[in-house]
Amino acid sequence: MRKQITEYTSPLDALVALTKQLYGYEIKYQTDSADFFVQYQQGETDDDEERFDWASNYRHYLALRQELEINLRNVVQ
């Protein structure tokens, strides 16, 4: 399967898109992304391509959220 690469104009746009993707996984598997990620890291889930993508998207989501939080703190100060 060929992966599609999407470029976003801002970290906020990317965060919104990732949030939508994560929500799709959460609905499909009836599991919160944070809970899934803990289980994934502990080797308690299947390691198929879809779950790998879910974990990768969640890592990216966390990194973007942290980046935006830092930027917001700098603006407020």
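Residues numbered from 1 in each chain as written. Predicted model: local features only at pLDDT ≥ 70, side-chain atom pairs only at ≥ 80, totals over all residues. Heavy atoms only, no water.

Caption draft 1: Structural context of the packing of aromatic side chains. Taken as a whole and assessed by the stated rule, the structure comprises six aromatic pairs. Plain terms: the ring middles of phenylalanine 36 and tyrosine 40 are 5.5 Å apart, the flat faces sit at 40° to each other, and that makes the pair tilted. In this pair, phenylalanine 36 and tyrosine 40 both sit in helix α2 (residues 33-41), four residues apart, roughly one turn of the helix. Take phenylalanine 36 and tyrosine 40: they sit in the same class, and that class is buried. Taking 3.8 Å as the distance between ring centres and 5° as the angle between the ring planes, the aromatic pair formed by phenylalanine 36 and tryptophan 54 counts as stacked. Here phenylalanine 36, found in helix α2, pairs with tryptophan 54, found in helix α3 (residues 49-76); they are 18 residues apart in sequence, far enough to count as distant. The pair formed by phenylalanine 36 and tryptophan 54 is uniform in burial state, with each residue classed as buried. (Phe/Tyr/Trp six-rings, centres within 6.5 Å; stacked < 30°, edge-to-face > 60°. Helix = DSSP H or I, 4+ residues; strand = E, 2+ residues; numbered from the N terminus. Buried < 20%, exposed > 50% of the residue type's maximum accessible area, 1.4 Å probe, protein only.)

Caption draft 2: Broad picture of the side chain of serine 33. Here serine 33 is to be found in helix α2. Under the relative-accessibility criterion, serine 33 is labelled buried at 2%. Residues in contact with serine 33, not counting those within four places in the same chain, are Leu22, Glu26, Trp54 and Tyr58. (Contact = heavy atoms within 4.5 Å.)

Caption draft 3: Highlighting helix α1 (residues 11-29). The first and last C-alpha atoms of α1 sit 27 Å apart over 19 residues, in line with the 27 Å expected at 1.5 Å per residue. Within the span of α1, buried status applies to Ala14, Leu15, Ala17, Leu18, Leu22 and Tyr25. The arc that holds every buried residue of α1, seen down its axis, measures 165°, which confines them to one face. The exposed residues of α1 that point more than 90 degrees off its buried face are Lys20 and Tyr23. The inward-facing, buried residues of α1 contact α2 and α3. Glutamine 30 sits one or two residues past α1 and shows a positive phi near 50°. (Expected span 1.5 Å × (residues − 1). Arc of directions from axis to C-beta.)

These figures come from the coordinates and say nothing about function on their own.
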